[in-house]
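A structural walkthrough
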Amino acid sequence: TFASVLRSVDIVVTYQDTKRIYGLVKVVQDAAKKSGFNSSTGYSYFSSLMERDDDPALDAAVAGGQMLAENAVETMTKVDVRIDIMSFCMINDCMGWTVPFATFCAKNSLFSFGVRPDESASLNCQTTLDCSFYNVMNTCFEPLVEPWTVKLEALETPGRATASITFSADSKLEVNISEMHMRSLVQTVEGWLQDSKTWGKDRDVTQEKFSPYRLRNESGVPLTFWLGSSFEPPEDQSMTKDLASG
């Protein structure tokens, strides 16, 4: 039996990361196409490595091992893994602006995998899932899926064509959907679709200007604004912008 405990696993993926992965996959596919390598030739190659000639000595050793296994006391190889918290965060850095998009968490996760001498395998999982959506207007995460504990049990027995899989939950699934969630989702998807048109093109392609926020001055007087933590305007005048009224 092997047991392991992980306190925290944090994964952060940005939109630009997906573009890099897409570019890497395209490079690998193009290289494989130029070399004449494809899925069918790769399958034939690895299948040939697994083939072996009949060896009476090897067959006898295998048969002897099977007899020992039948006479031995039934044992089970088991692997237990516990993860206190595992989070996945998606960052929306599409077209020059960087804000969180959503975060997915799995807490108190238990994974148990076992194999018996008869080659039957079992898998048991239990975890508490929750998902939060980032509200751009309030600049905070809001719950999209309330904490939900689920269980998964799978059993595969030799001689059976299918495996037994059971998925259960002791509590109901609660999902929160608001107008702001739908509006942010639509705006994000529109930005991704607009930027996806440049995927696979040269990096020097000029992208259209994209402004996720719009400021309107309705005070009646001209205003000057800048980004920073100081209330004093920056010395570099290029960092300030004038905003007329109306």
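My aim in this report is to walk through the structure given alongside it, one point at a time.

What counts, and at which threshold
- Residues numbered from 1 in each chain as written.
- Predicted model: local features only at pLDDT ≥ 70, side-chain atom pairs only at ≥ 80, totals over all residues.
- Heavy atoms only, no water.
- Salt bridge = Lys/Arg side-chain N within 4 Å of Asp/Glu carboxyl O.
- Helix = DSSP H or I, 4+ residues; strand = E, 2+ residues; numbered from the N terminus.
- Buried < 20%, exposed > 50% of the residue type's maximum accessible area, 1.4 Å probe, protein only.

Some details on the pattern of salt bridges
Applying the stated criterion across every chain yields a total of six salt bridges. Residue Arg 7 is joined to Asp 84 by a salt bridge in which the shortest nitrogen-to-oxygen separation is 2.9 Å. Of this pair, Arg 7 sits in strand S1 (residues 2-14) while Asp 84 sits in strand S2 (residues 77-92), placing them 77 residues apart in sequence. Under the relative-accessibility criterion, Arg 7 is labelled exposed at 56%. Given a relative accessible area of 22%, Asp 84 falls into the partly exposed group. A salt bridge links Asp 130 to Lys 107; its shortest N-O distance comes to 3.9 Å. Of this pair, Asp 130 sits in strand S4 (residues 121-135) while Lys 107 sits in strand S3 (residues 99-115), placing them 23 residues apart in sequence. Residue Asp 130 is classed as buried on the basis of its relative accessible area of 11%. A single network of salt bridges, built from pairs that share partners, joins Arg 7, Arg 82 and Asp 84.

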